[in-house]
Amino acid sequence: MTNIFYRKKLLTERKSKNKYKCIGYARATSIDNESLNDQIQLLGNFGCNYIFSESIALDQDPKPQFEQAINNLSRGDKIVFTKLDRAFRSQYECISIINNLLNKGINFATVSGSINSNNNFDIYKFIFNILFELETLENDILLDKKKRLASNILIDRKNVGGRPKIGHLKEKLVIRLR
């Protein structure tokens, strides 16, 4: 009987080693399908269990496969990118999404290995929290400046938009020349 119990214990240990998913994401423009195939092969060689891929432009806002990949992740899982520019269109978007993933306990990595949050999860989480706060601070400062400039323009009664006004003398000259 002890052999049966021991064997069941070994089987459950093997299953628990693979309980976390490694999800890969690949994106290419609709013109560059060869690049997409290369990315999929790199992600497969990296060890991704699931690979989500799509051929769309980066500036296209809803990326259904990317959203599906993010929604399939749970605590302890890892998402892998060939390069960060394959998934994100701006620094702010990259920092905010990765910060959200780290706060949920999800690891991330790039195929090159230069970024891998498995090694020092707490340090990566801390760094991305700081980067996110700095990016948010910068966006808030820019919005504040825009509001201040808009209010100054309205106070000075300058033209906020549209065709600029012409003076009374120029108006008379245009009418006379017609």
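Residues numbered from 1 in each chain as written. Predicted model: local features only at pLDDT ≥ 70, side-chain atom pairs only at ≥ 80, totals over all residues. Heavy atoms only, no water.

Asker: Please clarify how the environment of I130 should be interpreted in this entry.
Answerer: When you line up the elements, I130 lands in helix α5 (residues 121-155). For I130, a relative accessible area of 38% gives the class partly exposed. Sequence-wise, I130 and I95 are 35 residues apart; in three dimensions their C-alpha atoms are separated by 9.8 Å. (Helix = DSSP H or I, 4+ residues; strand = E, 2+ residues; numbered from the N terminus. Buried < 20%, exposed > 50% of the residue type's maximum accessible area, 1.4 Å probe, protein only.)

Asker: What am I meant to see in a nonpolar patch on the surface here?
Answerer: A surface patch of nonpolar side chains, about 710 Å² in accessible area, is lined by I123, F126, I127, I130, L131, L134, L137 and I141. Its location among the elements puts L137 in helix α5. (Patch = residues over 30% accessible without salt bridge, like charges linked within 9 Å, V, L, I, M, F, W, Y side chains within 5 Å. Areas by Shrake-Rupley, 256 points an atom, 1.4 Å probe, with all protein chains shown as cover. Salt bridge = Lys/Arg side-chain N within 4 Å of Asp/Glu carboxyl O.)

Asker: Honestly, the side chain of E135 in this entry has me stumped. Any pointers?
Answerer: Inspection of the secondary structure puts E135 in helix α5. Summary of buried charges: E135 has no salt-bridge partner, and the nearest side chain of opposite charge, K146, is 12 Å away. Aside from chain neighbours lying at most four places away, what touches E135 is Q91, Y92 and I95. (Lys, Arg positive; Asp, Glu negative; His and termini not counted. Contact = heavy atoms within 4.5 Å.)

Asker: Mind showing me how you'd approach the confidence of the model for the protein chain here?
Answerer: Any residue range with low pLDDT should be treated as having predicted coordinates unsuitable for detailed reading. Looking at the protein chain, the pLDDT average stands at 78 and 81% of residues meet or exceed 70. The least confident element of the protein chain is helix α1 (residues 2-17), whose mean pLDDT is 40; the most confident is strand β3 (residues 78-81), at 91. Every residue in residues 1-16 is under pLDDT 50, and counting partners more than four places away or in other chains gives 0 contacts. (pLDDT = per-residue confidence, 0-100.)

Asker: Any chance you could explain the pattern of salt bridges here in plain terms?
Answerer: Working definition: two side chains of opposite charge can pair if their charged atoms are close together. According to the stated counting rule, one finds 2 salt bridges in the structure shown. Residue D85 pairs with R86 through a salt bridge whose shortest N-O separation is 3.5 Å.

Asker: It is not clear to me how the environment of F121 should be interpreted in this structure. Could you clarify?
Answerer: Note that F121 resides in helix α5. Judged by relative accessible area, F121 falls into the partly exposed class, the value being 21%. Taking C-alpha positions, F121 is 9.3 Å from I106, a pair spaced 15 residues apart along the chain. Residues within four places of F121 in sequence aside, it is in contact with L102, G105, I106 and N107.

Asker: Just checking my understanding: could you explain the pairing of strand β1 (residues 22-28) for this structure?
Answerer: Put simply, side chains in a regular strand alternate between the two faces of the sheet. Burial within β1 is extensive, with 7 of its 7 residues counted as buried. The side-chain alternation of β1 yields two buried faces, one formed by C22, G24, A26 and A28 and the other by I23, Y25 and R27. When β1 meets strand β2 (residues 50-55), the two strands line up parallel, connected through 6 bridges. The partner of R27 across the bridge, within β2, is E54. A crossover links β1 with its parallel partner β2, the connecting element being helix α2 (residues 33-46), and its sense is right-handed. (Pairing = 2+ DSSP bridges. Right-handed = clockwise from strand over helix to strand, strands pointing away.)

Asker: I'm lost on the sheet that holds β1 in this one. Help?
Answerer: In a beta sheet, neighbouring strands are held together by backbone hydrogen bonds and run either parallel or antiparallel to one another. Strand order in the open sheet made by the 4 strands is β2-β1-β3-β4, with parallel pairing throughout. Each end of this open sheet is capped by a strand with a single partner; those strands are β2 and β4 (107-110). In this sheet, neighbouring strand axes are inclined to one another by 20° on average, regardless of whether the strands run parallel or antiparallel. Here 4 bridges tie β3 to β4, and the two strands are oriented parallel to one another. (Axes fitted to C-alpha atoms, helices over the stretch in contact; angles between N-to-C directions.)

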